[in-house]
Amino acid sequence: MANILVVDDELGIRDLLSEILNDEGHQVELAENAAQARAARGRSRPDLVLLDIWMPDTDGVTLLKEWSSSGLLTMPVIMMSGHATIDTAVEATKIGAMAFLEKPITLQKLLKAVEQGLTKTAARKPAAPNSSPAAHPADLTVEAVMTGGVLPAPVDLGPQATQSFLLEKPLRDARDEFEKAYFEFHLAKEGGSMTRVAEKTGLERTHLYRKLKQLGVDLTRGKRGV
């Protein structure tokens, strides 16, 4: 879906954000300091950057200023920190950061900020020539906005959406069949995103993964193309 650069000196944060964003179908590049971030910015032209404020070589606000003054701040930047003051957050916003996330970052806030950032990125892109008139904004999903106003094709939820079960089976067998159909339905509905299925079903990701493997659920079912 999008190319996202994550810049953070903490390995655990990089791994966590990478796992979540990859699960959402994004391509993720990682940098642990400003030097690596500069190289990644020039190499991959990210659609969005998640930038930590406190880093060992150059802090995130300084790097943001550098990009802004040199005309390289052409993508939305979301600042992250667990120790920044309000003044720091305000300064980053004035320089050009579109949002500020306070650590520990919740899943809901992360996905919402990324979604808003990518929508802004898409809004800046010129419309394709001879394209059909865009639908009313209220009728568009985020994916539609990102593709220039084209509504996405309906998701094929498969036969599990109207599944029926034989009630004469032993309870354990009937329950397993129901749970398998239930999880396959939600995987298809959420585009194969384990993160969203875990949130939707109220299960912790590791528990959910073990459950799906136990039930023999195809984890690639409904997976979004990148």
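A brief structural summary.

Rules used throughout
Residues numbered from 1 in each chain as written. Predicted model: local features only at pLDDT ≥ 70, side-chain atom pairs only at ≥ 80, totals over all residues. Heavy atoms only, no water. Helix = DSSP H or I, 4+ residues; strand = E, 2+ residues; numbered from the N terminus. Contact = heavy atoms within 4.5 Å. Buried < 20%, exposed > 50% of the residue type's maximum accessible area, 1.4 Å probe, protein only. Arc of directions from axis to C-beta. Pairing = 2+ DSSP bridges. Right-handed = clockwise from strand over helix to strand, strands pointing away. Core = buried A, V, L, I, M, F, W, Y, C linked by side-chain atoms within 4.5 Å. Axes fitted to C-alpha atoms, helices over the stretch in contact; angles between N-to-C directions. Parallel < 35°, antiparallel > 145°, perpendicular 65-115°, else oblique. Left-handed = near helix turned anticlockwise from the far one by under 90°. Nonpolar A, V, L, I, M, F, W, Y, C, P; charged D, E, K, R; others polar. Phe/Tyr/Trp six-rings, centres within 6.5 Å; stacked < 30°, edge-to-face > 60°.

Looking at the environment of A97
Now for step 1: Tracing the backbone shows A97 in the loop between α4 (86–95) and β5 (99–102).
Now for step 2: Separated by 18 residues in sequence, A97 and M79 have C-alpha atoms that sit 6.7 Å apart.
Now for step 3: Ignoring any residue separated from it by four or fewer positions in sequence, one finds A97 in contact with L64, V77, M79 and A92.

Focus: helix α8 (residues 194–201)
Because each turn of an α-helix spans 3.6 residues, side chains separated by three or four positions end up pointing in the same direction.
Now for step 1: What α8 keeps buried is the set M194, T195, V197, A198 and T201. Taken end-on, α8 shows its buried residues confined to a sector of 170°, consistent with a single buried face.
Now for step 2: A positive phi of about 80° marks G202, the residue just after α8.

Section: unusual backbone geometry
Now for step 1: A cis geometry characterises the amide bond from K103 onward to P104, with omega recorded as -5°.
Now for step 2: Mapped onto the fold, P104 is located in the loop between β5 and α5 (107–124).
Now for step 3: Here the phi dihedral of R45 falls at roughly 45°; this positive angle occurs in a residue that is not glycine.
Now for step 4: Looking at the element boundaries, R45 is found in the loop between α2 (34–44) and β3 (48–52).

Structural notes on the pairing of strand β1 (residues 3–7)
Now for step 1: Summarising burial for β1: 5 of the 5 residues are buried, a large majority.
Now for step 2: Of the two faces of β1, the one holding N3, L5 and V7 and the one holding I4 and V6 are both buried throughout.
Now for step 3: Where β1 lies against strand β2 (residues 27–31), 5 bridges are found, and the strand directions are parallel. Each bridged residue has a counterpart across the sheet, and for N3 the counterpart in β2 is Q27.
Now for step 4: The β-α-β motif built from β1, the intervening helix α1 (residues 11–23) and the parallel element β2 has right-handed crossover chirality.

Details of the nonpolar core
Now for step 1: Ranked by internal contacts, the top residues of the largest apolar core, which has 20 residues, are V7, V49, L51, L64, W67, V77 and M79.
Now for step 2: Listed by contribution, the elements that provide at least two residues to this core are β1, α2, β3, α3 (60–69), β4 (77–81) and α4.
Now for step 3: In terms of residue count, the dominant contributor to this core is α3 (4 residues).
Now for step 4: Those residues in contact with L51 that lie beyond four places of it in its chain are V7, G60, L63, L64, W67, V77, I78, M79 and M80.

Details of the packing of helix α7 (residues 171–189) against helix α9 (residues 205–215)
A pair of packed helices is captured by two measures, namely the crossing angle of their axes and the spacing between those axes.
Now for step 1: As a packed pair, α7 and α9 sit with axes 10 Å apart at the nearest point and diverge in direction by 120°. Between α7 and α9, the angle is such that the two are oblique. With respect to the hand of their crossing, α7 and α9 are arranged in left-handed fashion. Touching D176, E179, K180, F183 and L187 of α7 are L208, K211, L212 and L215, all from α9.
Now for step 2: A per-class count over the contact of α7 with α9 returns 5 nonpolar, no polar and 4 charged.

A few points about the packing of aromatic side chains
Ring pairs (aromatic) are described by centroid distance and by the angle formed between their planes.
Now for step 1: Overall, the coordinates contain 2 aromatic pairs when judged by the stated rule.
Now for step 2: Site record: aromatic cluster; members linked through ring pairs are F178, Y182 and F183.

Examining α9
Now for step 1: By the burial criterion, the buried members of α9 are L208, K211, L212 and L215. An end-on view of α9 places all buried positions within 95° of arc, on one side of the element. The exposed residues of α9 that point more than 90 degrees off its buried face are R210, K213 and Q214.
Now for step 2: Contacts from the buried residues of α9 go to α7 and α8.
Now for step 3: In the stretch just after α9, G216 is the one whose phi turns positive, near 75°.

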